[in-house]
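Structural description and commentary
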Amino acid sequence: MGLVTSISSKARILVVDDEPGMQQYLRTVLEAGSYEVFTVPSGLEALARVTEDPLPDVVLLDVLMPNMDGLRTLEKLRETRPGLKVVMLSCSTDPRNVVQAIRSGATDYLTKPFQISELEAVLRHSLASHAVSSGADGEATKVEIEDIGGDQFFVAASPAMRKIRAQVDQVANFNVPVLILGESGTGKEVVARLVHKRSARADRPFMKVNCAALPADLLESELFGYEPGAFTGANRAKPGKFELCDTGTFLLDEIGELPAALQAKLLHVIQDQEFSRLGSRSTIKVDVRVLAATNVDIQEAIAAKRFREDLFYRLNTFTIQIPPLRERREEIPLLLSQFMARFALRYARAPLPLSPGLVDACVRYSWPGNLRELENFVKRYLILADESLVRTEMQEKVNGLGPAPEAPAAKDPPPTAGGLKSLVRNVKDLAEIEAISRALEETRWNRKKAARLLEISYKALLYKIRQYGIEK
Ligand SMILES: Nc1ncnc2c1ncn2[C@@H]1O[C@H](COP(=O)(O)OP(=O)(O)OP(=O)(O)O)[C@@H](O)[C@H]1O
Ligand SMILES: [Mg+2]
């Protein structure tokens, strides 16, 4: 079956499974693919096996085993040998196991019964990342997955992302601003949350404001608060987010859009840790760690005098540049399985198979919307449960045809009574409702602004709000 065409010396696989039948099956299949195979029937024996040389290149680890189960074994293995690649063999359709396994550092998982081609793809991927990073530095093979709260993970599986992870660790506990740069959807907010989480402020508030979402005056009162009478309609005093975030971390998203008048005020906050509410003469002291993110070229904004150079230098004390997904394609297979496990859990579905063809197509695709687009792709696949449909859609994007939700379903007849079309429509509606609600929230229901954000006409937005019955 040509399992190891590109690998010269035999790769070693350790199979951990209590069922003799499964051990035998994997041994036969893998030896036919020119792997060197070791089998053990329990977690304890697996632990003993990895204390001696030569170490296996990949461990295939069953989830359901008596005494020490697969998850427990995984944790122990990761403690003993953090760089070890472990693929979980789960026969349950319970996505919690998979999520747990991935959180504990499993490289990948296979759901029993699996096809030989799936086994082949998973091993090829595991060994490829091994080949790339095996060298003097064994730690380099480590995949880092960190829970950052709110059902979010931070995955670092490429040298570039591991470097970013290290930078975050370096800077987390220095109370300096951090400027986070990267294309849309690359994970700027995720990195900001990681900085917060790794800092001594971790159990203090983390807040964010999108500087592009609000008009200047609203943004000012949002950030700095106001006193009664500061402007028409200001009846009561209201604290701003900087005050509410005292002792915490504050993310200014899309900092390049911060209006000029507020740039001066922000500089003051960063330099002196103080500011005044609108309509007030007295100053307020705060202890806020400022993080800023942007996907636009600030240098250009500085040259055009839209952004103060002195503020830029303050924010730029420490910069983290996140590469686009197409420059770290080796992470795509892992991210796919991560997102699959996570959304399966969220939507209470069994994770769908990620076939070698699908993974390959994803690795080759350029992902202009970066990780957000990849996430949406997995969600869509999970909901549609139709690999050929999502692959056709991806191909259409490559061909510049845009999404075609009513794509021909000639090969597969509609699976449900409502039919594929209505299913697709639902998915599209859901995505639209989500996007509209978010834009309205971000603009505090300023529909003109929201329409601009969504790049649709004001009228169209009003229509959609009514159509979907979206409420405040
Ligand atoms: N390293 C990562 N590991 C796991 N998930 C990630 C990672 N980076 C980003 N994501 C996910 O991808 C999505 C986009 O990330 P995020 O919102 O941080 O991007 P962004 O750069 O702030 O995007 P935008 O410029 O559009 O605001 C999020 O749902 C996030 O959870
Ligand atoms: Mg963001």
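Our subject in this report is the structure included herewith. On a predicted model such as this, the values are computed, not experimentally measured, just so you know. (Residues numbered from 1 in each chain as written. Chains lettered and ligands numbered in written order. Predicted model: local features only at pLDDT ≥ 70, side-chain atom pairs only at ≥ 80, totals over all residues. Heavy atoms only, no water.)

Under the definition given, this model contains 27 salt bridges. Arginine 198 is the partner of aspartate 169 in a salt bridge, and the nearest nitrogen-oxygen pair spans 3.0 Å. Taken together, the positions of aspartate 169 in helix α6 (residues 159-172) and arginine 198 in helix α7 (residues 188-198) put the pair 29 residues apart, joining distant regions of the chain. The shortest N-O distance in the salt bridge between glutamate 243 and arginine 277 comes to 3.0 Å. A residue pair is termed long-range when its members are at least 10 positions apart, and glutamate 243 in helix α9 (residues 241-244) and arginine 277 in the loop between β13 (274-275) and β14 (284-285) qualify at 34 residues. Salt bridges sharing common partners tie together Glu146, Arg165, Asp169, Lys197 and Arg198. (Salt bridge = Lys/Arg side-chain N within 4 Å of Asp/Glu carboxyl O. Helix = DSSP H or I, 4+ residues; strand = E, 2+ residues; numbered from the N terminus.)

Glancing now at the site of ligand 1. Taken together, the neighbourhood of ligand 1 is formed by 18 residues, with Val155, Gly185, Lys188, Arg372 and Glu375 sitting nearest. Within the backbone of valine 190, an N or O atom sits 3.0 Å from an oxygen atom of ligand 1. In the environment of ligand 1, an oxygen atom lies 3.5 Å from a nitrogen or oxygen atom belonging to the side chain of arginine 342. Taken by itself ligand 1 offers 630 Å² of open surface, and the protein chains cover 90% of this. (Near = heavy atom within 4 Å. Polar contact = N/O pair within 3.5 Å; in protein donor to acceptor, adjacent residues only side chain to side chain. Areas by Shrake-Rupley, 256 points an atom, 1.4 Å probe, with all protein chains shown as cover.)

Quick look at the packing of helix α8 (residues 216-224) against helix α10 (residues 260-272) now. Each packed pair of helices is defined by two parameters, the angle between the axes and the distance between the axes. Between α8 and α10, the least distance of the axes is 11 Å, while the angle of their chain directions is 15 degrees. Comparing their axes, α10 and α8 come out roughly parallel. Here α8 runs over α10; the crossing is left-handed. From α8, Ala216, Leu219, Glu220 and Phe224 reach across to α10, where they touch Leu262, Lys265, Leu266 and Val269. (Axes fitted to C-alpha atoms, helices over the stretch in contact; angles between N-to-C directions. Parallel < 35°, antiparallel > 145°, perpendicular 65-115°, else oblique. Left-handed = near helix turned anticlockwise from the far one by under 90°. Contact = heavy atoms within 4.5 Å.)

This part is about helix α15 (residues 370-384). Between its first and last C-alpha, α15 extends 21 Å over 15 residues, near the 21 Å set by a 1.5 Å rise per residue. Of all the 15 residues making up α15, 12 are buried; the element is thus mostly covered by neighbouring parts of the structure. When α15 is considered as a whole, its buried residues turn out to be Asn370, Leu371, Glu373, Leu374, Glu375, Phe377, Val378, Lys379, Arg380, Tyr381, Leu382 and Leu384. Downstream of α15 by one or two residues, alanine 385 has phi in the positive range, about 50 degrees. (Expected span 1.5 Å × (residues − 1). Buried < 20%, exposed > 50% of the residue type's maximum accessible area, 1.4 Å probe, protein only.)

Time to look at the packing of helix α13 (residues 332-346) against helix α14 (residues 356-364). α14 packs onto α13 with a crossing angle of 120 degrees between their chain directions and a minimal axis gap of 9 Å. In terms of orientation, α13 lies oblique with respect to α14. For the crossing formed where α13 meets α14, the hand is right-handed. The segment α13 lies against α14, with Ile332, Pro333 and Leu336 engaging Val359, Cys362 and Val363. Residues belonging to the contact of α13 with α14 are distributed by class as follows: 6 nonpolar, no polar and no charged. (Nonpolar A, V, L, I, M, F, W, Y, C, P; charged D, E, K, R; others polar.)

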